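Here is how the chains run, residue by residue.
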Amino acid sequence: MAKFLVTGAAGFIGRSIAAALLERGEAVRGIDNFITGKRSNLAGLEAMEFIEGDLTDPEHCALACEGIEIVFHEAALASVPRSVADPAGTNLHCVTATLNLLVAARAAGVRRVVYAGSSSAYGDTPTLPKQEEMLPNPISPYAVAKLAGEQYMRAFARVYGLETVVLRYFNVFGPFQDPTSHYSGVLAVFCRRMLAGEQPTIFGDGEQSRDFTYIDNVVHGNLLAADAPKERVAGQMMNLATGSRCTLNETFRILCEFTGYNGQPAYGAARSGDIRDSLADIHLAGKLLGYSPIVDFREGLRRTVEWYRTCS
Ligand code: UD2
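Rules used in this analysis
Residues numbered from 1 in each chain as written. Predicted model: local features only at pLDDT ≥ 70, side-chain atom pairs only at ≥ 80, totals over all residues. Heavy atoms only, no water. Buried < 20%, exposed > 50% of the residue type's maximum accessible area, 1.4 Å probe, protein only. Helix = DSSP H or I, 4+ residues; strand = E, 2+ residues; numbered from the N terminus. Pairing = 2+ DSSP bridges. Right-handed = clockwise from strand over helix to strand, strands pointing away. Axes fitted to C-alpha atoms, helices over the stretch in contact; angles between N-to-C directions. Contact = heavy atoms within 4.5 Å. Near = heavy atom within 4 Å. Polar contact = N/O pair within 3.5 Å; in protein donor to acceptor, adjacent residues only side chain to side chain. Areas by Shrake-Rupley, 256 points an atom, 1.4 Å probe, with all protein chains shown as cover. Salt bridge = Lys/Arg side-chain N within 4 Å of Asp/Glu carboxyl O. Parallel < 35°, antiparallel > 145°, perpendicular 65-115°, else oblique. Left-handed = near helix turned anticlockwise from the far one by under 90°. Nonpolar A, V, L, I, M, F, W, Y, C, P; charged D, E, K, R; others polar.

*Asks:* Just checking my understanding: could you explain the pairing of strand β1 (residues 4-7) for this structure?
*Replies:* Taking every second residue as pointing to the same face, both faces of β1 are buried, with F4 and V6 on one and L5 and T7 on the other. Pairing of β1 with strand β2 (residues 28-32) involves four bridges; the strand directions are parallel. Bridging from a neighbouring strand, T7 pairs with I31 of β2. The parallel pair β1 and β2, bridged by helix α1 (residues 12-23), forms a crossover whose chirality is right-handed. Of the strand pairs in this sheet, β1 and strand β4 (residues 70-73) are connected by four bridges, and their pairing is parallel. Looking across to β4, one finds that L5 is bridged to V71.

Here it is, written out as C-alpha cells:
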C-alpha cells in the first residue's frame with residue numbers, strides 16, 4: 001500500500017517529486033486530471049500507482065488518500081495570466097480542490113500534507129527579500145487562490161491537528177516543464193524558442209527580476225519537509241527558493257550563451273497581474289528544514305537547456 005500521495009503527479013513538479021520518492025524505494029501513489037499534466041510525464045514512473053482523477057470530486061480525493069501517510073499537494077492550475085482569463089477555473093482547481101483534499105486527508109487519517117504555495121502571495125510590494133512574516137498582498141486571482149490554499153493548510157493544522165507544511169515556491173523551472181502552452185513559465189518558453197532559433201518576447205522592459213528556482217532544489221525541500229519533526233514544521237509556512245534573483249534581460253543573455261541563439265528579444269506590453277521583483281529570504285527553511293539550495297541558477301539553467309535540447 002502506498003505511503004505517499006503526490007497530487008498533480010503528471011505535472012512538472014509532481015512528477016519530479018514522485019520520481020525522487022521512487023528512487024528512494026518508497027511506495028507512491030499519484031493522481032492527475034491531465035488538464036495541464038501530461039501522460040508523457042509519467043514515463044519512468046511505472047512503479048507508481050496512478051489514479052486518473054480530479055480533486056474537485058470528493059470521491060476521487062477519498063480514493064487517493066486511502067491508506068496514505070504523507071501527501072505532497074502539487075496539483076493546481078498554475079499561471080497568473082490563466083487566472084486573469086479564468087478566475088473561476090483557477091479557484092475551482094486551486095481552492096475547492098485543496099479543501100476537498102484536506103477533508104479527505106483528515107478522514108483517511110493522513111498524518112502530513114506538504115503544500116505547494118506560491119511566491120505570488122507576497123504581491124508587488126517593494127521590500128526585498130520577501131520574508132515569511134510579511135503581510136500577504138496578492139494581486140492576481142492566481143495569487144489569491146494559492147494563498148487561500150495556504151490558509152486552509154494552517155486552519156487544518158490548528159483545528160484538526162493535521163501536520164501541514166506550506167512551502168512557498170519561487171518561479172520553479174527545469175526538465176519536464178511544459179514549454180508549449182500559452183501559460184507556460186518563461187524559462188520553458190524561452191529555452192524552447194531559442195533552441196529552435198525563434199525570437200522570444202519579453203513582456204515589459206525586461207528589468208523585472210525573479211528568484212528562479214531549479215527543480216532539484218524544490219524536490220530536495222519537499223523531501224526535507226516530509227521528514228522534518230512535527231514540533232518544528234507542523235502548521236508552518238516557509239519560502240523555498242534559490243535566494244538570489246536575475247532580471248529577464250540578464251537571463252536572456254545567459255540563455256543566448258547556452259542555446260547558441262544570437263538574435264535579440266522582442267519586447268511586448270507588460271503583463272497584467274505581473275510582479276516587478278521577486279526574491280526570497282530562505283533562512284527560515286534553513287532553520288526549520290536544514291534546507292539550502294543544491295543547484296544554483298546558472299547550473300540549473302544549463303541543465304534545463306540540455307534537457308530541452310535532447311529530451312523534448
Ligand atoms: C508566478 C509566481 C511563481 C509561480 C508561478 C506559477 C511570482 C513572482 N511568481 O510566476 O512563484 O507560482 O506564478 O505560474 O508571482 N514573461 C515574458 N515572456 C514570456 C512569458 C513570461 O516576458 O513569454 C515574463 C512575465 O511577464 C513575468 C516573468 O516573465 O514578468 C515570469 O513569468 P512566469 O509566467 O514565468 O512566472 P510568474 O512570475 O508569473
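Still more ground to cover, so stick around.
*Asks:* Got a minute to help me understand the sheet that holds β2 in this structure?
*Replies:* If you trace the seven strands from one edge of the open sheet to the other, you get β3-β2-β1-β4-β5-β6-β11, paired in parallel fashion. Edge positions in the open sheet fall to β3 (49-52) and β11 (236-240), since each of these has one partner strand only. Across this sheet, the average inter-strand angle for adjacent strands is 20 degrees, counted without regard to direction. On top of the sheet, α1 reaches β1, β2, β4 and β6 (163-169); it is set at about 160 degrees to β1, its chief contact. The strands touched by helix α5 (residues 141-160) are β4, β5 (112-118), β6 and β11; relative to β5, the strand with the most contacts, the crossing angle is about 155 degrees.

*Asks:* What exactly am I supposed to notice about the site of the ligand here?
*Replies:* Lining the immediate environment of the ligand, one finds 23 residues, of which S118, V186, F203, R210 and D274 sit closest. Y169 is positioned such that a nitrogen or oxygen atom in its backbone is 3.2 Å from an oxygen atom of the ligand. When the ligand sits alone it has 750 Å² of accessible area, and the protein chains cover 91% of it. Elements with a minimum of two residues in the shell around the ligand: α6 (186-195) and β8 (201-203). It is β8 that contributes the most residues to the shell around the ligand, three residues altogether.

*Asks:* Which parts of the structure should I look at to understand the environment of K38?
*Replies:* Looking at where K38 falls in the secondary structure, it is placed in the loop between β2 and β3. Separated by 174 residues in the primary sequence, K38 and F212 have C-alpha atoms spaced 23 Å apart. At 3.4 Å, the side chain of K38 forms a polar contact with the side chain of D178.

*Asks:* I tried to follow the pattern of salt bridges on my own but got confused; where do I start?
*Replies:* Side-chain pairs of opposite charge can arise whenever the charged atoms involved come near each other. The tally for this structure, following the rule as stated, stands at 20 salt bridges. The shortest N-O distance in the salt bridge between E163 and R112 comes to 2.7 Å. Of the two residues, E163 is situated in strand β6 and R112 in strand β5; the sequence distance between them amounts to 51 residues. Ionic pairing is found between E257 and R298, a salt bridge with its closest N-O pair at 2.4 Å. Taken together, the positions of E257 in helix α9 (residues 248-259) and R298 in helix α11 (residues 297-310) put the pair 41 residues apart, joining distant regions of the chain. By relative accessible area, which is 51% here, E257 ends up exposed.

*Asks:* Can you help me understand the packing of α9 against α11 in this one?
*Replies:* Two measures define how a pair of helices packs: the angle their axes make with one another and the distance between the axes. Contact pair α9 / α11: the axes reach a minimum separation of 10 Å and the direction vectors enclose 50 degrees. Overall, the two elements α9 and α11 adopt an arrangement that is oblique. Both α9 and α11 take part in a crossing whose hand is right-handed. From α9, T251, I254, L255, E257, F258 and T259 reach across to α11, where they touch F297, R298, L301, R302, V305 and R309. Here the residues of the contact of α9 with α11 are counted per class, giving six nonpolar, two polar and four charged.

These values are about where atoms sit, not about what they do.
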